[in-house]
Amino acid sequence: MHFSKLRLTGFKSFVDPTDLIITDGLTGVVGPNGCGKSNLLEALRWVMGENRPSIMRGGGMEDVIFAGAASRPARNFAEVVCHMDNSDRLAPAGFNDADHLEVIRRITRDVGSAYKVNGKDARAKDVQMLFADASTGAHSQALVSQGKITDLINAKPKARRKILEEAAGISGLYQRRHEAELKLKGAETNLARVDDVIEQLA
Ligand code: ATP
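The rules behind these values
- Residues numbered from 1 in each chain as written.
- Predicted model: local features only at pLDDT ≥ 70, side-chain atom pairs only at ≥ 80, totals over all residues.
- Near = placed C-beta within 6 Å.
- Nonpolar A, V, L, I, M, F, W, Y, C, P; charged D, E, K, R; others polar.
- Core = buried A, V, L, I, M, F, W, Y, C linked by C-beta atoms within 7 Å.
- Buried ≥ 20, exposed ≤ 12 C-beta atoms within 10 Å, placed from the backbone.
- Helix = DSSP H or I, 4+ residues; strand = E, 2+ residues; numbered from the N terminus.
- Contact = placed C-beta atoms within 7 Å.

For the protein, the name recorded in an unreviewed UniProt entry is Chromosome partition protein Smc, with Roseovarius albus as its organism.

Here is the structure:
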């Protein structure tokens, strides 16, 4: 499975629909300062489920919506569509029944974000899990922002372990463990309540 295209609409400086075609091999994005190179990388993080505005260089998530310019009014929504070629059928289980995967994230002012995977509504965590299981995602170490190399060199062993875990394809297990722990806690609370009721009846 590999990324084949990103389509940005109303996302940051990309007000009109813009396609970034990702072909086999190396894709380079070049341009003058401020032309939107980092915005492209952020669009990729965002469609994969990034929820921290600071990582998107904004104060709130709606800051990703085109804010307007002298000649263009602000937009009401931003959308990023991520196309993936799955002809090798290596997509994670549950998403592996088509040669092509399309993930859409759209944010609308005062409404929030919505996701679709191959035309069907999806939850943020389904999308995050899809990419985590594919050994990538919004937090992927493969997305190298400015200053990241210096951070890596200075990183503590625990932070470096995260990189190895992602390379091993087990990042998705953490989210599943967290969900299992929450369910366990809920079950323990219910059991305690049952004990209370039994005690009262005895
Ligand atoms: P550099 O080479 O300096 O790192 P870059 O090519 O990576 O620059 P970006 O940082 O991706 O450029 O883009 C910055 C541009 O995006 C700025 O002109 C900024 O005004 C514009 N921008 C960011 N958010 C929005 C928004 N919500 N609406 C409109 N324009 C935006």
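Structure's up, so let's keep going.
Enquirer: Would you take a moment to explain the site of the ligand for this structure?
Expert: Around the ligand lies a shell of 14 residues, among which Asn33, Lys37, Ser38, Asn39 and Ala67 are the nearest. Taken together, the residues that form the shell around the ligand break down as 4 nonpolar, 7 polar and 3 charged.

Enquirer: What is the right way to read the nonpolar core from this model?
Expert: Among soluble globular proteins, nonpolar side chains are generally buried collectively. Counting residues in hydrophobic clusters, the biggest one holds 32 residues, and the most contacted among them are Phe11, Ala43, Val47, Val64 and Val80. Elements represented by at least two residues in this core include exactly strand S1 (2–9), helix H1 (37–47), strand S3 (77–85), strand S4 (100–108) and helix H2 (124–133). Contacts of alanine 43, omitting those with residues within four sequence positions, involve Leu6, Leu8, Phe11 and Val80.

Enquirer: How do you make sense of unusual backbone geometry when you look at a structure like this?
Expert: Working note: non-glycine residues mostly have negative phi, and peptide bonds are mostly trans. Positive phi, normally seen in glycine, also occurs at arginine 57, with a value near 60 degrees. Owing to 13 C-beta atoms within 10 Å, arginine 57 belongs among the partly exposed residues under this scheme.

Enquirer: Got a minute to help me understand H1 in this structure?
Expert: Think of an α-helix as turning once every 3.6 residues; residues three or four places apart then point the same way. Restricting attention to buried positions, one finds in H1 the residues Leu40, Glu42, Ala43, Leu44, Arg45, Trp46 and Val47. Summarising the contacts, the buried residues of H1 are in contact with S1, strand S2 (18–21), S3 and S4.

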